[in-house]
Structure formats: structure tokens, C-alpha cells
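Here is what each chain is made of, one letter per residue.
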Amino acid sequence: ISAKILRIKKDNKKIVAVFAVFKKTFIPANQIMPLFDESNARNAFFKYWLPFFKWASKQDNIFLIFKGKPSSTQYEVGFVKEALAEIPRDKYYRDNNLLMLDVIAISDCVISTGNSSALYSSLCFGVPSVSYSPGATGYVAAGKYNKYLVASNPDELIKNIKYMLKNGLPE
């Protein structure tokens, strides 16, 4: 983990890791069966993710770490870059080459998509986590244990993150 992130941790900011996968759902070139053209993909992405980016930009007590798969180019897509630009550069760090385990170890909350390994790994390590499946696109088994572990819309995602940061991982 970089010295910058460790310094942020010492400044008592809450670290929220984002292990989201945008490519399969929102980026037409990466969909097995394209659901959207570029304009529709942008609109859908903004509908489900832009409220989070705008909310995060206004939070002075959190620092975000965005991590995709090492070969991922999802953060280079125009509308994803546009959403990320909502957040001041000193409030986040993006590096696909960080080790997931290292990021989870320093995080106060993890956001992932669907039934991901990031969700279950963070839960196994006792790190509060929220699985975000925009538009209820998939079943996430962790939701049967506690409603704050899953979200299907932006308001629910933000509410669940706030809950996790305040209360920690539910029993």
C-alpha cells in the first residue's frame, strides 16, 4: 500500500474501497449481449452510479480507493472518467495493481458488485461491506443475513455505506 494511503489512514479518514465492475453491465464493448448503445449505457451508468460519486465528493471524512482487475480499462471509459471527475483528486486513489487483500486490510468499508470475491473476502476479514447490484440485477446471498449488506439503487447504497461506517459490520 502506498505511503499516501497510509498517511490518509493516520489522518483519521474512513477508507472506503470500491471494487465495482462497470464493464459487464454498462460498457457496450464489454457486454456479451450488448444491452445498451453508448448513449444508453452512459445514462444507465449515471442513473445508478452518479449519485454515489456526487455524494462521495462532498464527504470530508472519507477517502476512496478504486480498484479494478489489473487489466481493467473500465476507468478509461469516457462517462466513467466523467463520473470520477466529480470527486476531488485529493479524496481518492485509483490503482488496479493494488492487492485486494491489502486494500481490504486498511478499509473501513468495502463496496463491491454482485456476489463478488471482494464482498465475501471483506466479510471474512470482518470489514463492513455493501454489495451493490444496480437495478436488482442479481441475487446476492449475503442479503439474507442483513439488509445493509446489499443495495439495489443509489439511495440504498449511500444509506448502507453510512450505516456501515457508523455501526460496523452487523452480527
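Above this text you will find the structure in question.
What you are looking at is a predicted structure, and each value in this text was computed from that prediction instead of being measured.

Caption draft 1: Representation of the overall build of the chain within the structure. In terms of regular secondary structure, the chain is built from 7 helices and 6 strands. For the chain, the α and β elements follow one another from N to C terminus as α-β-α-α-β-α-β-α-β-α-β-β-α. By residue count, 50% of the 171 residues in the chain fall in the buried class. Carbon together with sulfur atoms contributes 53% to the accessible area of the chain, which is approximately 8700 Å² in total.

Caption draft 2: The arrangement of helix α6 (residues 117-124) in detail. When α6 is considered as a whole, its buried residues turn out to be A118, L119 and S122. Buried residues along α6 cover an arc of 105° about the axis, so they all sit on one side. Elements in contact with the buried residues of α6: β1 (14-19), α5 (100-106), β4 (109-112) and β5 (129-132). Downstream of α6 by a residue or two, G126 has a phi angle that is positive, lying close to 75°.

Caption draft 3: Quick peek at the pattern of salt bridges. Across all of its chains, the model carries 2 salt bridges by this definition. Of the charged contacts in the structure, one is a salt bridge between D60 and K91, with a shortest N-O distance of 3.0 Å. Highlighted residues: D60 in the loop between α3 (38-57) and β2 (62-66) and K91 in the loop between α4 (78-84) and β3 (92-94), separated in sequence by 31 residues. D60 sits in the exposed class, given a relative accessible area of 57%. For K91, a relative accessible area of 11% translates into the label buried.

Caption draft 4: View of the packing of α3 against helix α7 (residues 154-167). Interaxial distance between α3 and α7 falls to 8 Å at its minimum, and their mutual angle equals 40°. Regarding α3 and α7, the two cross each other, and that crossing is right-handed. From α3, K47, Y48, W49, P51, F52 and W55 reach across to α7, where they touch P154, L157, I158, I161 and K162.

Caption draft 5: Fine view of α3. Taken as a whole, α3 carries its principal kink of about 50° at W49; the proline P51 stands between one and four residues after it. Those residues of α3 lying buried are A41, A44, F45, F46, Y48, W49, L50, F52, F53, W55, A56 and S57.

Rules used throughout
- Residues numbered from 1 in each chain as written.
- Predicted model: local features only at pLDDT ≥ 70, side-chain atom pairs only at ≥ 80, totals over all residues.
- Heavy atoms only, no water.
- Helix = DSSP H or I, 4+ residues; strand = E, 2+ residues; numbered from the N terminus.
- Buried < 20%, exposed > 50% of the residue type's maximum accessible area, 1.4 Å probe, protein only.
- Areas by Shrake-Rupley, 256 points an atom, 1.4 Å probe, with all protein chains shown as cover.
- Arc of directions from axis to C-beta.
- Contact = heavy atoms within 4.5 Å.
- Salt bridge = Lys/Arg side-chain N within 4 Å of Asp/Glu carboxyl O.
- Axes fitted to C-alpha atoms, helices over the stretch in contact; angles between N-to-C directions.
- Left-handed = near helix turned anticlockwise from the far one by under 90°.
- Bend = angle between axes of the 7 residues up to and from the residue.

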